[in-house]
Amino acid sequence: MNFLAHALLGAGDADLEVGGFLGDFVHGRPDEAMPAGLRRGIALHRAVDVFTDAHAEVLAAHALFAPPWRRYAGIVLDMWFDHCLARDFARWSDMPLETFSEQVLRHLQARWRWLPPRLQRFVAYMRAQGLPAGYADEAILAAALAGIGQRLTRANPLARAVPELQAHADALQRHFDAFFPQLVDFAAHWRESA
């Protein structure tokens, strides 16, 4: 899953939301000086990724993509599933998407000293692009995928991913609709037991 989903799965806990971002920028064991709530958010992020990567619906969604797309299916599916979530956000949250997005940015700003420089730069990019709410817009999604593609070291087709995703949109929506409620339940159980 991508940033919008990770933040939402924090269930209103600011440290878990921010930890949902940190999980992609902190590798290995988090610094013990980092607040326990943020470390817990990183652990939730990692648990969500493991659950997602092994889920039958996600694996079936991966299988929709033929080469060369299959190599990048994890990236494009993470982004597309955030797009699905953003388009139908009211189904998953009582808070409007724009309000939630602004709240996430405030929570990130309030924990700025714990954000690695790469995440600080990404927060500036998020503000400029209106993310994570902007994931509802396919043009913003396309620009984000193109940006990821530019940062990868080898040539890749990510700048052309949206038409490929649109070609599978109905099937991807069915996989998302079957998968995401189970992910929400998984995260709720994790928060209660971890």
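Anything mentioned here points back to the structure above.
Residues numbered from 1 in each chain as written. Predicted model: local features only at pLDDT ≥ 70, side-chain atom pairs only at ≥ 80, totals over all residues. Heavy atoms only, no water.

K.L.:
Quick question: what am I supposed to make of the overall build of the protein here?
P.N.:
The helix and strand inventory of the protein stands at ten helices and zero strands. Ordered by position from the N terminus, the helices and strands of the protein form the series α-α-α-α-α-α-α-α-α-α. In terms of overall size, the protein behaves like a compact globule, its C-alpha atoms giving a radius of gyration of 16 Å where 194 residues would be expected to give roughly 16 Å. Seen along its three principal axes, the alpha-carbon backbone of the protein occupies a region of about 45 × 35 × 35 Å. Of all 194 residues assigned to the protein, the portion counted as buried reaches 48%. (Helix = DSSP H or I, 4+ residues; strand = E, 2+ residues; numbered from the N terminus. Rg over C-alpha atoms; globule rule 2.2 N^0.38 Å. Buried < 20%, exposed > 50% of the residue type's maximum accessible area, 1.4 Å probe, protein only.)

K.L.:
Please explain the packing of aromatic side chains as it appears in this structure.
P.N.:
Think of a pair of aromatic rings as described by two things: how far the centres are apart, and how the planes are tilted against each other in angle. In total, this model carries 13 aromatic pairs according to the counting rule given. Taking the centre distance of 4.8 Å and the plane angle of 5° together, the rings of Phe3 and Phe21 count as stacked. Here Phe3, found in helix H1 (residues 3-8), pairs with Phe21, found in helix H2 (residues 14-22); they are 18 residues apart in sequence, far enough to count as distant. Phe3 gets classed as buried once you look at its relative accessible area, which sits at 8%. Of the residues examined, Phe21 reaches a relative accessible area of 0% and is grouped as buried. (Phe/Tyr/Trp six-rings, centres within 6.5 Å; stacked < 30°, edge-to-face > 60°.)

K.L.:
It is not clear to me how the packing of H2 against helix H6 (residues 97-110) should be interpreted in this structure. Could you clarify?
P.N.:
To characterise two packed helices, one gives the angle between the axes of the helices and the distance between these axes. Running from amino to carboxyl end, H2 crosses H6 at an angle of 85°, the nearest separation of the two axes being 9 Å. Here H2 is positioned roughly perpendicular relative to H6, judged by the angle of their axes. Seen from H2, the contacting residues are Ala14, Glu17, Val18 and Phe21; seen from H6, they are Phe100, Gln103, Val104, His107 and Leu108. Across the contact of H2 with H6, the residue classes break down as six nonpolar, two polar and one charged. (Axes fitted to C-alpha atoms, helices over the stretch in contact; angles between N-to-C directions. Parallel < 35°, antiparallel > 145°, perpendicular 65-115°, else oblique. Contact = heavy atoms within 4.5 Å. Nonpolar A, V, L, I, M, F, W, Y, C, P; charged D, E, K, R; others polar.)

K.L.:
I keep staring at the pattern of salt bridges and nothing clicks. Help me out?
P.N.:
For side chains of opposite charge, pairing can occur when their charged atoms come near one another. By the definition in use, this model includes four salt bridges. Between Arg91 and Asp88 there is a salt bridge, with its nearest N and O atoms 4.0 Å apart. A relative accessible area of 44% places Arg91 in the partly exposed class. You can call Asp88 partly exposed: its relative accessible area is 34%. Asp177 is paired through a salt bridge with Arg91; the nearest N and O atoms lie 3.3 Å apart. In this pair, Asp177 sits in helix H10 (residues 169-193) while Arg91 sits in the loop between helix H5 (73-87) and H6, placing the two residues 86 residues apart along the sequence. Three or more residues are tied together by salt bridges with common partners; here these are Asp88, Arg91 and Asp177. (Salt bridge = Lys/Arg side-chain N within 4 Å of Asp/Glu carboxyl O.)

K.L.:
What am I meant to see in H6 here?
P.N.:
Three or four residues apart is the spacing at which side chains of an α-helix point the same way, because the helix has 3.6 residues per turn. Over its 14 residues, H6 extends 20 Å from the first C-alpha to the last, a length consistent with the 20 Å expected when each residue adds 1.5 Å. Taken together, the buried positions of H6 are Leu97, Phe100, Ser101, Gln103, Val104, Leu105, His107 and Leu108. Buried residues along H6 sit in contact with H1, H2, H5 and helix H7 (117-129). (Expected span 1.5 Å × (residues − 1).)

K.L.:
Looking at this model, I keep getting lost on unusual backbone geometry. Mind explaining?
P.N.:
Generally, phi is negative for residues other than glycine and the peptide bonds are trans, each holding for most cases. Here the amide bond leading from Pro67 into Pro68 is cis, since omega sits at 5°, within 30 degrees of zero. In the segment running from Leu131 into Pro132, the intervening peptide bond is cis, with an omega of 5°. Along the chain, Pro132 turns up in the loop between H7 and helix H8 (138-151). Unusually for a residue other than glycine, Ala11 sits at a positive phi of about 55°.

K.L.:
What is the right way to look at H5 in this model?
P.N.:
For H5, built from 15 residues, the straight-helix expectation of 21 Å at 1.5 Å per residue is met to within 8% by its first-to-last C-alpha distance of 20 Å. Most of H5 sits out of view: eleven of its 15 residues are buried. Buried-residue contacts for H5 involve H1, helix H4 (56-62), H6, H8, helix H9 (161-167) and H10.

K.L.:
What is the right way to read the environment of Leu16 from this model?
P.N.:
You can see Leu16 is positioned in helix H2. On the accessibility criterion, Leu16 (3% relative accessible area) is buried. Between the C-alpha atom of Leu16 and that of Ile42, which follows or precedes it by 26 residues, the distance is 7.5 Å. Among all residues touching Leu16, those that are not within four sequence positions of it are Gly10, Gly37, Arg40, Gly41, Leu44 and Arg191.

Just geometry here; none of it tells us what the structure is for.
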